[in-house]
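Here's the letter readout for the chains.
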Amino acid sequence: MQQIGTVWMNLDRRKQIIVAGAVVLVFLGVLGMSRLVSAPSMTLLYAGLESGAAGDVVRSLDQRGVAYAIRGGSIYVSGAQRDELRMTLASEGLPANGNRGYELLDSLSGFGTTSQMFDAAYWRAKEGELARTIVGGPHVSQARVHIANGSANPFQRSVAPTASVYLVPSGAEITGDQAKAIRFLVASAVSGLAPENVTVIDSNGTVVGGQDTAVAADTADDKSRQLRERVLRLVEARVGTGNAVVEVSVDTVTKTESIRERRFDPKGRVAISTDVEERSDSARNQSSDVTVASNLPDGDGAGGDESNSTGTQTRERVNYEVSETELEVHNAPGAIKRLTVAVLVNGIRAEDAAGVETFAPLPQSELGALEELVASAVGFDAARGDVITLKSLDLPVVEPQGTLASASMWQNIHLDAMSLIQMAVLGLVSMVLALFVIRPILMKPAMAPALLPAAAGPDADGTSVLTGEIAPDAVSEFTSLPTQADVPALGVGTTEDPVDRLRAMIGDKQEETVEILRNWLEEGEERV
């Protein structure tokens with residue numbers, strides 16, 4: 001402490017202010033670093049939560065006394081406690097996504113619950129369960145399902161239910177295939193709901209995948225992509241990867257047709273019924289003269305000649321039905337109307353005797369074999385007007401742009417940004433501490449020796465040089481100097497700085513100072 005006090009007293013005012021400021025800065029830096037080191041590193045716990053769900057999570061963290069930080073819409077906690085907190089909060093049903101499912105039915109009691117209340121809670125629970133299932137996928141962050149069921153109205157028994165789904169994608173947009181899968185998911189969960197009665201809307205207010213695409217089997221783009229992949233895989237198996245280019249164009253039917261045909265064949269008769277009618281008639285005739293006697297009962301004219309006649313008539317009626325054929329054809333959109341395939345394959349590269357690279361297309365026989373394979377793969381139909389074009393041309397090799405990425409030794413080193421910042425600050429504090437505090441304390445002030453007349457000695461050239469010894473005649477001069485009582489002490493009773501006086505003396509006698517220092521160094525080496 002005495003040495004520190006001595007050094008402090010020998011410094012001027014400006015240097016004292018600098019040293020004091022350095023000490024304060026070092027103290028503040030050490031204090032700040034200690035707080036950074038002691039503070040836990042915060043990592044993301046949850047992000048993108050609804051206001052109600054985020055409030056429930058924050059309330060649970062407050063009850064447990066866990067330190068957390070809220071940055072925007074995200075909640076950060078200590079990295080050592082993140083996984084444990086997630087498991088604990090999940091056991092409590094947190095964070096709630098706002099879509100409540102069948103647990104809504106648990107709060108309904110048998111007393112005071114009407115059928116309308118139960119139906120409303122049931123459909124609300126079904127909507128929540130469907131929303132949970134949809135959000136479970138990696139492509140959807142939020143979802144809401146609305147089901148319109150008209151079965152509750154007793155006067156409308158034939159009304160089919162409908163549904164609408166609102167989606168918020170997580171990253172990329174919702175594709176048509178994903179929307180189609182969501183339609184079938186909702187339709188399968190609701191009795192009597194058809195997939196074409198489900199509408200999917202994204203966060204931009206756009207209908208994803210029209211209802212016509214839900215009914216159609218495949219679009220033209222889907223079919224062309226499937227055929228292209230099939231042909232490319234087949235051709236590259238022979239010419240190698242990257243040596244073939246395939247393009248497929250599919251012209252499909254875009255309208256729905258319904259054809260109903262009824263034909264009658266007059267030659268084809270079929271008896272469907274037969275009616276037979278038979279009729280019999282009988283008659284009796286008597287020949288005699290009409291007299292008075294014949295009219296008497298016992299007269300002579302009573303017994304004359306008699307004749308009987310009988311007639312039979314038969315009628316048959318047959319009913320025939322003409323042969324009839326009824327044909328009904330429905331053509332849905334998506335059927336292939338025309339197919340066009342273009343295949344470009346690379347040729348053969350070789351070097352001649354001079355070392356020059358030459359190109360030769362594939363033989364025609366091989367191209368014909370490949371064309372037959374392509375025709376079989378795509379279902380070629382000449383009557384439909386399909387066209388297949390197969391050519392062998394030179395495909396130039398395109399060098400990739402940019403610099404080739406290579407593995408680096410830093411890829412296996414995982415450093416945290418906060419750790420790097422802490423290391424840099426610690427190094428800066430150490431440098432400040434060493435340069436402005438420790439170094440001035442450890443360095444002792446160099447005491448300047450009294451410059452006395454030095455003895456001169458002959459040099460190798462015969463010239464006189466200083467040897468660092470006090471000349472004998474200087475003693476008399478030294479004894480004749482004024483006494484200590486007559487000469488004021490350095491720094492006492494004078495305003496001139498002793499250090500400045502020493503510097504002035506050294507500047508006036510530079511050659512003598514250099515010679516003295518050289519002699520001192522040589523004497524030190526001889527002693528060692």
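It should be noted that the structure appears before, not after, this text.
So, a few notes on the structure that sits alongside this text. (Residues numbered from 1 in each chain as written. Predicted model: local features only at pLDDT ≥ 70, side-chain atom pairs only at ≥ 80, totals over all residues. Heavy atoms only, no water.)

### Digging into the environment of Leu167
Move 1: Following the sequence through the fold, Leu167 ends up in strand β5 (residues 162-169).
Move 2: Between the C-alpha atoms of Leu167 and Ser141, which are 26 residues apart in sequence, the distance is 7.7 Å.
Move 3: With residues near it in sequence (within four places) discarded, Leu167 still touches Ile134, Val140, Gln142, Ala143, Ile174, Ile182, Val200, Ile201, Asp202 and Ser203. (Helix = DSSP H or I, 4+ residues; strand = E, 2+ residues; numbered from the N terminus. Contact = heavy atoms within 4.5 Å.)

### Side note on the pairing of strand β11 (residues 348-351)
Move 1: Where β11 meets strand β12 (residues 357-360), four bridges bridge the pair, whose relative direction is antiparallel. Bridge pairing in β12 links Glu351 to Glu357.
Move 2: In this structure, the hairpin formed by β11 and β12 is closed by a connection of five residues, where Gly355 is found at a positive phi of approximately 85°. (Pairing = 2+ DSSP bridges.)

### Focus on the sheet that holds strand β3 (residues 74-78)
Move 1: On the basis of which strands lie adjacent, the open sheet formed by three strands has the order β1-β3-β2 and antiparallel pairing. Two strands close off the open sheet at either side, each with one partner strand: β1 (42-47) and β2 (68-71). Averaged over all neighbouring strand pairs, the angle between strand axes comes to 30°, with direction disregarded.
Move 2: Here five bridges tie β1 to β3, and the two strands are oriented antiparallel to one another. Residue Ala47 lies in a different strand from β3, and its bridge partner there is Ser74.
Move 3: Of the strands in this sheet, β1, β2 and β3 touch helix α3 (residues 51-64), which is tilted by about 20° from β3. (Axes fitted to C-alpha atoms, helices over the stretch in contact; angles between N-to-C directions.)

### Side note on the packing of aromatic side chains
Move 1: As enumerated under the stated definition, the model contains one aromatic pair in all.
Move 2: Ring centres of Tyr122 and Trp123 lie 5.5 Å apart, and the angle between their planes is 75°; this geometry places the pair in the edge-to-face category.
Move 3: In this structure, Arg71 is placed above the aromatic ring of Tyr76, and the distance from its NZ or CZ to the ring centre is 4.4 Å. (Phe/Tyr/Trp six-rings, centres within 6.5 Å; stacked < 30°, edge-to-face > 60°. Lys NZ or Arg CZ within 6 Å of the ring centre and 35° of its normal.)

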